[in-house]
Amino acid sequence: MAERLIDVDGIGLCTETFGDPRDPPVLLVMGAGASMLWWEEDFCRLLADGGRLVIRYDHRDTGRSVTYEPGHPGYTSADLVADAARVLDAHEITAAHVVGVSAGGACAQLLALGDPGRVLSLTLISTSCAVPVGRELPAPTREFMRFVSAAHVDWADRESVTGHQVAYARMLAGGRRPFDEAAARDLVRRDIGRAHDAAAARNHDSLADGPLPRAPLTSIAVPTLVVHGAADPMFPLAHGEALAEEIPGARLLVLEDAGHGVERADWPTIVAAILDHTGTGTSTSTSRGPGDEANRRGRTSW
């Protein structure tokens, strides 16, 4: 289906669907500063081919959604959470299975806490606890922090932005696998070329919270699958483990060589897990890795 610009509450958001509208809906929520293109089309089609209506969308200040002046966002983090519900409203969907990656995973948790009737299940990828949990979690890796602190980007120069984004994608990949620079560069160029203003995506880094829910993660009652890469440099694995321990009944799927995000090498595993989780089952039944003890604890390694 072609992209569709929706207008809910005066907010213009660009969305796209894949699959049969009669199938169970899966809403994909991307991370901070990232458009829906980072839920790659072939990944979406794999989910749709598995019998799901897949919905992806551009956050504000990304892609073709409403864009604000860089440095002056006219919204809060709470508005980004509400936008997920706005997308469902525009598609006349009462509730969906919500899949979020990175900051999108935080949005998914907050939606489940603040508006639980909209969420059928949660799949939380490469993310951390969206509300305080009373435990200390590890900081990003030193390599990640060095990259962020040393980054110099001319946001008026498309090639400078492209180079930075490709290097950032390489860093997030975690370093345990070969990095497909050509594929990353192609995706980044398409993303930049499609945006109203690529520099506006930085607004996500400086948003005020707004009226966000403060209920504990232990109050989340929907089936939850946590997917986390063992080589994630932004949120080390302990973040995913904490999520799976805090949310009642949650299962943890560890991707042993994966970094941060939804990498092509992990698509078969992630798609199979999401289809199982959003179907009649709620667990990843074809586990391999650490054995029965890990499975009893709700952890599966691939």
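For the structure itself, look to the data block above.
The present account deals with the structure reproduced in this document. (Residues numbered from 1 in each chain as written. Predicted model: local features only at pLDDT ≥ 70, side-chain atom pairs only at ≥ 80, totals over all residues. Heavy atoms only, no water.)

Further remarks concern the state of the cysteines. The final tally for this structure, using the stated rule, is zero disulfides. No disulfide involves Cys 14; its nearest neighbouring cysteine sulfur is the one of Cys 44, lying 13 Å away. The class of Cys 14 is buried, set by a relative accessible area of 3%. Of the cysteine sulfurs around Cys 129, a residue in no disulfide, the closest is that of Cys 107, at 15 Å. We classify Cys 129 as buried; its relative accessible area is 17%. (Disulfide = S-S within 2.5 Å. Buried < 20%, exposed > 50% of the residue type's maximum accessible area, 1.4 Å probe, protein only.)

Taken across its six residues, strand β5 (residues 96-101) has six buried, putting it largely inside the fold. Note: strand β3 (residues 25-29) against β5, four bridges, orientation parallel. When the bridges of β5 are listed, Leu 28 appears paired with Val 99. (Helix = DSSP H or I, 4+ residues; strand = E, 2+ residues; numbered from the N terminus. Pairing = 2+ DSSP bridges.)

Let us look at the nonpolar core. Among the nonpolar cores identified, the biggest contains 48 residues, and Leu 27, Leu 122 and Leu 217 are the most heavily contacted of them. With eight residues, helix α2 (residues 77-90) is the single largest residue contributor to this core. Leu 27 has contacts with Ile 55, Tyr 57, Ala 84, Val 87, Leu 88, Ala 96, His 97, Val 98 and Val 99, leaving out every residue within four places of it along the chain. With 25 residues, the next largest nonpolar core counts Leu 47, Val 99, Val 227 and Ile 270 among its residues. (Core = buried A, V, L, I, M, F, W, Y, C linked by side-chain atoms within 4.5 Å. Contact = heavy atoms within 4.5 Å.)

What follows is about unusual backbone geometry. Positive phi values are uncommon outside glycine, yet Asp 9 reaches one of about 60°. For Asp 9, the location among the structural elements is in the loop between β1 (4-8) and β2 (11-18). Even without glycine at this site, Ser 126 takes up a positive phi of about 50°. As for its placement among the helices and strands, Ser 126 is situated in the loop between β6 (119-125) and α4 (142-150).

The next thing to look at is the packing of α2 against helix α3 (residues 103-114). In contact at an axis separation of 9 Å, α2 and α3 are set at 75° when each is read in the N-to-C sense. In this view, α2 runs roughly perpendicular relative to α3, as classed from their interaxial angle. Side by side, α2 and α3 meet where Leu 80, Val 81, Ala 84 and Ala 85 of the first sit next to Cys 107, Leu 110 and Leu 111 of the second. (Axes fitted to C-alpha atoms, helices over the stretch in contact; angles between N-to-C directions. Parallel < 35°, antiparallel > 145°, perpendicular 65-115°, else oblique.)

Quick look at the environment of Ala 182 now. Structurally, the position occupied by Ala 182 is in helix α6 (residues 181-194). Exposure remark for Ala 182: the relative accessible area of 59% places this residue in the exposed category. Taking the C-alpha atoms as reference points, Ala 182 and Asp 115, 67 residues apart in sequence, are found 40 Å from one another.

Next up on the list: the pattern of salt bridges. Applying the stated criterion across every chain yields a total of 21 salt bridges. For Arg 86, the salt bridge identified is with Asp 9, shortest N-O distance 3.0 Å. Here Arg 86, found in helix α2, pairs with Asp 9, found in the loop between β1 and β2; they are 77 residues apart in sequence, far enough to count as distant. Accessibility expressed as a relative area gives 60% for Asp 9, which makes it exposed. Put simply, Arg 214 and Asp 209 hold a salt bridge, and the shortest N to O gap is 3.7 Å. Under the relative-accessibility criterion, Asp 209 is labelled partly exposed at 42%. Each of Glu 3, Asp 58, Arg 64 and Arg 194 takes part in salt bridges that share partners, so that together they form one network. (Salt bridge = Lys/Arg side-chain N within 4 Å of Asp/Glu carboxyl O.)

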